[in-house]
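Residues per chain, in single letters:
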Amino acid sequence: MTETASMQTTLQDITTRLKDKPGALLPILHEIQNAFGYIPKDSITFIASELNLSRAEVHGVISFYHYFRESAPGQHTIHLCRAESCQAMGSKHLEAHVKNRLGIDFHETTPDGKFSLEPVYCLGLCSCSPAMQIDTEVFGRVSSEAFDRSLVEIGA
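About the criteria used
Residues numbered from 1 in each chain as written. Predicted model: local features only at pLDDT ≥ 70, side-chain atom pairs only at ≥ 80, totals over all residues. Heavy atoms only, no water. Salt bridge = Lys/Arg side-chain N within 4 Å of Asp/Glu carboxyl O. Helix = DSSP H or I, 4+ residues; strand = E, 2+ residues; numbered from the N terminus. Buried < 20%, exposed > 50% of the residue type's maximum accessible area, 1.4 Å probe, protein only. Phe/Tyr/Trp six-rings, centres within 6.5 Å; stacked < 30°, edge-to-face > 60°. Pairing = 2+ DSSP bridges. Contact = heavy atoms within 4.5 Å. Axes fitted to C-alpha atoms, helices over the stretch in contact; angles between N-to-C directions. Disulfide = S-S within 2.5 Å.

1. Side note on the pattern of salt bridges
- For the structure shown, the criterion picks out eight salt bridges.
- Where Lys19 meets Glu50, a salt bridge forms, and the shortest distance between an N and an O atom there is 3.3 Å. Of this pair, Lys19 sits in the loop between helix 1 (3-18) and helix 2 (25-36) while Glu50 sits in helix 3 (residues 41-51), and the two are 31 residues apart along the sequence.
- On the accessibility criterion, Lys19 (32% relative accessible area) is partly exposed.
- Of the residues examined, Glu50 reaches a relative accessible area of 23% and is grouped as partly exposed.
- For Arg69, the salt bridge is made with Glu118, and the minimal N-O distance between the two is 2.3 Å. With a gap of 49 residues between them, Arg69 in the loop between helix 4 (55-64) and strand 1 (76-81) and Glu118 in strand 3 (residues 115-120) connect regions that are remote in the sequence.
- A single salt-bridge network, built from bridges that share partners, covers Arg82, Glu95, Lys99 and Asp105.

2. Details of the packing of aromatic side chains
- In the structure shown here, the tally under the stated rule is three aromatic pairs.
- For the pair Phe64 and Tyr65, a centre-to-centre distance of 4.9 Å together with 90° between the ring planes defines the contact as edge-to-face.
- Tyr65 sits in the partly exposed class, given a relative accessible area of 37%.
- Between Tyr65 and Phe68, the aromatic rings sit 6.2 Å apart at their centres with planes inclined by 90°, giving edge-to-face as the arrangement.
- In textbook terms, an aromatic cluster arises when at least three aromatic residues are bridged by ring pairs, as seen for Phe64, Tyr65, Tyr67 and Phe68.

3. Details of the pairing of strand 1
- Here strand 1 lies mainly inside the structure; five of its six residues are buried.
- Pairing of strand 1 with strand 3, which is carried by six bridges, proceeds in the parallel orientation. Bridged to Leu80 within strand 3 is Pro119.
- Two elements, strand 1 and strand 4 (residues 132-134), share three bridges in a ladder whose sense is antiparallel. Paired with Ile78 across the strands is Ile134, a residue of strand 4.

4. Re the sheet that holds strand 5 (residues 137-139)
- Within the open sheet, the five strands sit side by side as 2-3-1-4-5. Their pairing is mixed. Bordering the open sheet on either side are strand 2 (108-109) and strand 5, each of which pairs with just one other strand.
- The strands touched by helix 6 (residues 91-102) are strand 1 and strand 3; relative to strand 1, the strand with the most contacts, the crossing angle is about 155°.
- Its contacts with the sheet place helix 7 (residues 144-153) against strand 1, strand 3, strand 4 and strand 5, and it is angled at close to 10° to strand 4.

5. Looking at the state of the cysteines
- One pass over the structure, following the stated rule, counts zero disulfides.
- Free of any disulfide, Cys122 has its nearest neighbouring cysteine sulfur in Cys126, separated by 4.0 Å.
- A relative accessible area of 42% places Cys122 in the partly exposed class.
- In this structure Cys128 is not part of a disulfide, and its nearest cysteine sulfur, from Cys126, lies 9.4 Å away.

Right, here's the structure in full:
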């Protein structure tokens with residue numbers, strides 16, 4: 001089975017299972033992102049057809065919610081907190097350092113496919129601001145130097 005056929009089978013399974021739920025679009029999008037790591041652009045037309053929605057309606061939901069991605073994520077995902085507490089403790093400086101170090105902006109992936117950078121609006125570490133998460137590990141009191149050490153620890 002080709003990758004495209006496998007993707008189509010997965011999309012069909014997800015939409016068939018969830019399309020009759022009230023407000024089915026969000027659960028379907030979450031399941032698709034869980035299955036592939038992102039919402040493939042080719043799936044938007046299929047989802048719209050299955051739910052009797054326009055492609056613009058489906059794309060509008062995807063683009064509205066920061067959680068959804070339309071491109072494959074990197075090997076590691078870095079979430080930087082942008083909440084008020086982290087901003088008060090220097091996250092703007094950290095954000096500039098991270099973007100410069102990786103050479104990407106939010107919602108982008110490094111050319112080598114190693115890192116994706118995503119904003120998050122609270123990691124629950126307000127007393128340890130600024131905070132970030134790399135994959136599933138959460139870090140508090142993150143400085144530029146601590147960020148650089150974290151990259152070294154994961155082999156960057």
